[in-house]
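# A closer look at the structure
As a plain string of letters, each chain reads:
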Amino acid sequence: MKSKIVVPVLGVALVALLGLTAKACETIQGGPVHTPEELRDHVRATTQAGEDAYRALSPAPAKEPYASRQDSTSCVDDLGFDDTGVSRAEPIFTWDLDFASDDDYRAALASLRGTWREDGRTVEKVDNGITATLDDGIRVTLHLDYYNGEPELRAEGTCMRYRHNYGDAYDYMYDDNGDGTIDEYERPN
């Protein structure tokens, strides 16, 4: 009687163990491999999160928002698991902010903190600024730049593995402003 119960239970446990092992291997590798279109959507969402925060600043910075792509050194394949044709990208974009005074920066900091809290976001304090992680894992930070002490808005997407072929319609490495397209001035010569 016990063997009729034990054998099926062991079978279910073995299948569950194999499933967990496969998921653990995918996690060690860096997660699932996405398409270039999924990466493009993530880049656009990251840029949009930064622009939404930019537009929520009050008083507003003097110039129109323009994102600049930053390189990530933390989104790399340390263990050597990526297959040929699989790349990694962590979209990071920054906006330089031009406030009339330090008081305007502090007021904008307070207004963004209030906006995020109204939206139900957890706002964390960082050196000379604040940060919040949005529902899709995008982290937005308003702070004074570590190098020059000037106000900066930063949006960091998550590290994403994606299938990459040279000549794809979308090549993240050339999307300098994060709009999801490779504009004429961004194309390599």
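All of these numbers come straight from a predicted model, not from anything done at the bench. Per-chain numbering applies: the sequence of each chain, read as written, is numbered from 1 onward. In view of the model being predicted, local features appear only for residues whose pLDDT reaches at least 70, and side-chain atom pairs are presented and counted only at 80 or more, with totals across whole chains, interfaces and linings using the full set of residues. The side-chain figures draw on all heavy atoms in the structure; neither hydrogens nor water molecules are used.

## Details of the overall build of the chain
Looking only at helices and strands, the chain features three helices and nine strands. Numbering goes from the N terminus for both helices and strands, where a helix is a DSSP run of H or I of at least four residues and a strand is a run of E of at least two. Order of helices (α) and strands (β) in the chain, N terminus to C terminus: α-β-α-β-β-β-α-β-β-β-β-β. Excluding contacts between residues fewer than 6 apart, the proportion of contacts in the chain whose partners are at least 24 apart in sequence is 64%. Calculation of accessible area relied on Shrake-Rupley with a 1.4 Å probe; when residues are assessed, cover is drawn exclusively from the protein chains displayed. Accessible area of the chain: about 11,500 Å², with a carbon and sulfur share of 52%. Contact between two residues is taken to exist if any of their heavy atoms lie within 4.5 Å; hydrogens are not considered.

## With respect to the layout of surface pockets
Put simply, the largest pocket is a space of about 260 Å³. Mapped onto the lining of the largest pocket, the elements with two or more residues apiece are strand E7 (139-144) and strand E8 (151-156). Think of a 1 Å grid over the protein atoms and nothing else: a 1.4 Å probe that fits but is trapped marks a cavity, an open set flanked by protein within 12 Å on at least five of seven lines marks a pocket, and residues with an atom within 4 Å of a point count as lining. Grid points are joined across faces, edges and corners, and a volume is the space filled by probe spheres set on the points.

## Let's talk about the sheet that holds strand E3 (residues 86-89)
For two strands to count as paired, DSSP must find a minimum of two bridges between them. The sheet built from three strands is open, its strands ordered E1-E9-E3 with mixed pairing. Either end of the sheet is taken by a strand with one partner, and the two such strands are strand E1 (33-34) and E3. Pairing of E1 with strand E9 (residues 160-163) involves two bridges; the strand directions are parallel. Bridging across to E9, His34 finds its partner in Tyr162. Of the strands in this sheet, E1, E3 and E9 are in contact with helix H2 (residues 36-56), which crosses E9 at around 140°. Axes here mean lines fitted to C-alpha atoms, for a helix over just the part in contact, with angles spanning 0 to 180 degrees between N-to-C directions.

## Concerning the pairing of E7
As defined by bridge partners, strand E6 (residues 129-133) adjoins E7 across five bridges and the pair is classed as antiparallel. Across the sheet, residue Ile130 finds its bridge partner in E7, namely Leu142. Adjacent in sequence and paired antiparallel, E6 and E7 are bridged by five residues, among which Gly137 carries a positive phi angle near 85°. In this structure, E7 lies alongside E8, joined through six bridges in antiparallel fashion. Paired with Leu142 across the two strands is Leu153, which belongs to E8.

## A few points about the confidence of the model for the chain
In low-pLDDT segments, the atomic positions of the prediction should not be examined closely. Residue-level confidence of the predictor, termed pLDDT, takes values from 0 up to 100. Summarising the model, the chain shows a mean pLDDT of 81, and 78% of its residues fall at 70 or more. Per-element averaging of pLDDT across the chain places helix H1 (residues 2-29) at the bottom with 51 and E7 at the top with 97. The model gives residues 16-29 a pLDDT under 50, and that stretch makes eight contacts with residues more than four places away or in other chains.

## A word on the pattern of salt bridges
Should a side-chain nitrogen of Lys or Arg be within 4 Å of a carboxyl oxygen of Asp or Glu, the pair is scored as a salt bridge. What the rule picks out here adds up to six salt bridges. One salt bridge connects Asp135 with Arg121, and the closest N-O pair in it is separated by 3.2 Å. With Asp135 in the loop between E6 and E7 and Arg121 in the loop between helix H3 (102-118) and strand E5 (123-126), the pair connects residues that are 14 residues apart, well separated along the chain. Taking the shortest distance from any N to any O, the salt bridge between Glu124 and Arg139 comes out at 3.7 Å. With Glu124 in strand E5 and Arg139 in strand E7, this pair connects stretches of sequence that are 15 residues apart. A simple rule labels every residue: compare its accessible area, found with a 1.4 Å probe on the protein chains alone, to the largest value its type can have, and call it buried under 20%, exposed over 50%, or partly exposed in between. Overall, the relative accessible area of 28% leaves Arg139 in the partly exposed class.

## A few points about the nonpolar core
Membership of the largest hydrophobic core comes to 31 residues, with the highest contact counts inside it found for Val140 and Leu142. Residue assignment for this core shows that the elements contributing at least two residues are H2, strand E4 (92-96), H3, E6, E7, E8 and E9. Non-local contacts of Val140, meaning those with residues more than four positions away in its chain, are made with Ala49, Ala53, Trp116, Ile130, Thr131, Ala132, Leu134, Leu153, Arg154 and Ala155. Definition of nonpolar core: a set of buried residues of the types Ala, Val, Leu, Ile, Met, Phe, Trp, Tyr and Cys, connected through side-chain atoms within 4.5 Å.

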